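Observations on the three-dimensional arrangement
Below are the chains, spelled out letter by letter.
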Amino acid sequence: MILDLPRPAYVEQALPQPDILHEYPLDPALSWVHPLTRSSGLSALASVENQIEELCKMPAGWDGYGALPISRTTKYNSLAALRSILGSAKAPDITPNPNGTLSFEWETAQGVGHLEIGQTRLSFYIQPNHGDPIFLDASSDDLLISAIKIGFLVSGNLFQGEHASMSVTEFTLATYVSPAY
């Protein structure tokens with residue numbers, strides 16, 4: 001009989017991690033958050049980082065109507081939030097806004113979600129096909145906690161039955177085990 005069980009968190013933490021995961025360190029109080037494992041996510045994170053880097057290179061007036069450029073603070077807020085979000089949700093579509101913020105959107109058969117991140121605030125809503133919309137507005141001081149909540153909301157409402165990452169260990173049990181007396 002073979003059982004597939006999730007690995008304990010301490011096993012995942014002991015595995016060597018790519019350097020990119022340490023570029024934007026998490027708050028030590030959130031050390032239990034392990035946003036990326038081998039199965040999810042380095043490619044998703046690298047893709048998101050590349051997109052954000054390219055959007056941040058756009059000059060002022062990039063839209064032809066005087067749009068603000070994406071600031072370094074907005075860039076770092078976005079990278080920190082998405083690092084947490086990608087631990088439980090899939091990568092979003094990313095678009096710049098003329099007010100200097102970045103938008104992140106998810107759309108599935110189960111509903112839509114939208115996150116906008118700026119220098120000092122973030123705003124989020126999710127509209128599942130069944131149920132009431134969920135709204136979240138937070139300051140950048142609460143960015144990581146809010147991002148973790150957003151990741152779980154997106155995953156649970158828009159990607160039900162799917163997991164962004166799940167590590168599995170294989171166990172084999174003997175068919176006959178004598179009791180210890």
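Now for a quick tour of the structure. Quantities reported herein were computed from a predicted structural model and do not represent experimental measurements.

**Overview of the pattern of salt bridges**
Considering all chains together, one arrives at three salt bridges under this definition. Between E54 and K57 there is a salt bridge; the shortest N-O distance is 3.2 Å. The partly exposed category is assigned to E54, whose relative accessible area is 49%. For R121, the salt bridge is made with D137, and the minimal N-O distance between the two is 3.2 Å. Placement of R121 in strand β5 (residues 121-128) and of D137 in strand β6 (residues 134-139) is noted, with a sequence separation of 16 residues between them.

**Focus on the sheet that holds β6**
Across the sheet, five strands lie side by side as β2-β3-β4-β5-β6; this open sheet has antiparallel pairing. Here the strands that pair on one side only, and so sit at the sheet edges, are β2 (93-96) and β6. Taken over all neighbouring pairs, the strand axes of this sheet differ in orientation by 15 degrees on average, direction set aside. Bridge count for strand β4 (residues 111-117) against β5 is seven bridges, and the pairing is antiparallel. Paired with L115 across the bridge in β5 is F124. Its contacts with the sheet place helix α4 (residues 143-158) against β3 (102-108), β4, β5 and β6, and it is angled at close to 15 degrees to β5.

Cut-off values and rules
Residues numbered from 1 in each chain as written. Predicted model: local features only at pLDDT ≥ 70, side-chain atom pairs only at ≥ 80, totals over all residues. Heavy atoms only, no water. Salt bridge = Lys/Arg side-chain N within 4 Å of Asp/Glu carboxyl O. Buried < 20%, exposed > 50% of the residue type's maximum accessible area, 1.4 Å probe, protein only. Helix = DSSP H or I, 4+ residues; strand = E, 2+ residues; numbered from the N terminus. Pairing = 2+ DSSP bridges. Axes fitted to C-alpha atoms, helices over the stretch in contact; angles between N-to-C directions. Contact = heavy atoms within 4.5 Å.

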